[in-house]
Amino acid sequence: MSSKTVVLGGSGAMTSGCVYDLSQTSDFDEVVVADADEENARRLVDTLDDDRFRFEPVDATDTDDIERVLEGADYVVNGLPYAFESNVLDAMERVGDLTGVDLNAFDFDEVLGRSEEFAEAGNSLWFANGGLVSTIALGMVGCEEFDDVADVNFYWGMWRLLTQTTPGLTDTVTYEHDPTVDERAKWEDGEVIDDLPAFSEAREFEFPEPIGREDTYVISHPEPITFPEAPVAQEKNVDRIITRGAWHDEWKRYERTLHASGAFESDGVEVDGQEVDPVEVMQEQVKAEGLALESEWKPPEELSPETDWTPQTILSAEVTGSTAGSDDRAVFHFEQPFPFFDGNDITLMREYGCYVGVPLSVTLQLMADGAVDEDGIFITETSGLDADRYFEEMEARGFDLVAEQTPEETVPAQD
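Please read all numbers here as calculations on a predicted model, not as lab measurements.

Notes on the sheet that holds strand 2 (residues 30-35)
By definition, the strands of a sheet pair up through backbone hydrogen bonds, in either a parallel or an antiparallel sense.
Link 1 in the chain: As summarised here, the arrangement of the seven strands in space is 3-2-1-4-5-6-17, forming an open sheet in which the pairing is parallel. Unpaired on one side and paired on the other, strand 3 (53-57) and strand 17 (376-378) mark the two borders of the sheet. On average, each strand axis in the sheet is tilted by 20° relative to the strand beside it, whichever way the strands run.
Link 2 in the chain: Where strand 1 (residues 4-8) lies against strand 4 (residues 75-78), four bridges are found, and the strand directions are parallel.

Given below as structure tokens:
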């Protein structure tokens, strides 16, 4: 039986790695790279040199057009920006009988509230996918080291220069630092404590190189809200959960400057007779520089001449608890490969984004194989994911799971 897969937003920085991995590892008969960016989508398809893959334009602002692209599909990857989430969900519900993964991770209650109607349409959708699958899986394997768990600390080490970015990532980082955002949260003693200040809950943490020891602080990620739903978190009686982030100094200086200048609280400033939003002006400048850097496809060794290290994200989990009556600590890191696209010409952020794109491919294939078999809309914690199987699949693709410390032993973090 033939199968058709549609990757919405398939040539984006975070989803290109998914498309490439599907080409290298999947047995899907037809894969459609659906995107509004025809030039880069065709460039990506040409790089694959795989007759199963083709480009098709899609207008994400038009639910009918998304429905048109999804007609006849069996599988779908949603890598479109969250602004188009409702359009994608509406189109999927109309088409029905779709199995898919969704990169977006906003408005959980609203999206998960559609689970029953999705199931009635024969759909199965793994929401909040991408890099979050890796952090949640890290938390799972960490908790398994203990009889009882006190703390689960998630860390996102996002190591790239200020202008090594995409429009979406630029907005995300600044959203995570916005003092008016109330979504920075921790979970403690069975309750979610939100509205934590930006730059709060500071803690030093040692990542593998090139990041090393860095100050981290709370970010507006969903793990403290969703990880309590994981069976292992309930079995091990987890007390506290928090997610912190670390950025390169250029990003930290930028975000602290926005804070110190009062830009977030500004009602606008007048420049040459026109009122402008200072945050928006700075964001547009950073985005413009990032887009300029992304305009050329280059050999991977030429992507970041400004640094003597490879831009990357390192994901980590630090778990404390007790085993056999003794308190102890486990630390796991997850590192991405370089180069991921086998030395083919690529852009920096597409190479960087493989830590997001590859989980989309792996989890979709796990669903296609029946290793994850849930109806409606669900998240990693409730998917029944075998974390060990997930990491085996990721390591087969060049990713590296490093157990720096477990209750049995401690090993040096790998470079």
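Examining the pairing of strand 5 (residues 99-102)
Link 1 in the chain: Bridging between strand 4 and strand 5 involves four bridges; their strand directions are parallel. Bridge pairing in strand 5 places Val77 opposite Val101.
Link 2 in the chain: Where the polypeptide runs from strand 4 across helix 4 (residues 85-95) and back to strand 5, its parallel neighbour, the crossover connection is right-handed.
Link 3 in the chain: Of the strand pairs in this sheet, strand 5 and strand 6 (residues 124-126) are connected by three bridges, and their pairing is parallel. When the sheet's bridge partners are listed, Gly100 is paired in strand 6 with Leu125.

Notes on the side chain of Glu381
Link 1 in the chain: By secondary structure assignment, the location of Glu381 is in the loop between strand 17 and helix 15 (387-395).
Link 2 in the chain: Only 2.6 Å separates the side chain of Glu381 from the side chain of Thr226, close enough to count as a polar contact.
Link 3 in the chain: What Glu381 contacts, discounting residues up to four positions off in sequence, is Ile136, Met140, Thr226, Phe227, Glu229, Ala230 and Pro231.

Quick word on the environment of Gly357
Link 1 in the chain: Checked against the element boundaries, Gly357 lands in helix 14 (residues 354-368).
Link 2 in the chain: Each C-alpha atom, one on Gly357 and one on Leu22, is 10.0 Å from the other, the two residues being 335 residues apart in sequence.
Link 3 in the chain: In contact with Gly357, other than residues within four places in its own chain, are Met14, Gly17 and Cys18.

The rules behind each value
- Counting restarts for each chain, with residues numbered from 1 along the sequence as it is written.
- Reporting in this predicted model follows two pLDDT cut-offs: at least 70 for local features of residues, and 80 or more for side-chain atom pairs to be given and counted; totals over whole chains, interfaces and linings ignore these cut-offs and use all residues.
- For side-chain calculations, the full set of non-hydrogen atoms in the structure is used, while hydrogens and water are omitted.
- Note on pairing: two strands pair once DSSP finds at least 2 bridges between them.
- Numbering of helices and strands runs from the N terminus, with a helix taken as a DSSP run of H or I at least four residues long and a strand as a DSSP run of E at least two residues long.
- Fitting a line to C-alpha atoms yields each axis, with helices limited to the stretch in contact; the angle taken between N-to-C directions then spans 0 to 180 degrees.
- If the strands point away from the viewer and the path from the first strand over the helix to the second runs clockwise, then the crossover is right-handed.
- Polar contact criterion, stated in full: a pair of N or O atoms within 3.5 Å, where within protein one must be able to donate a hydrogen and the other to accept it, and residues adjacent in sequence count only if both atoms are side-chain atoms.
- Every residue pair with non-hydrogen atoms within 4.5 Å of one another is taken to be in contact.

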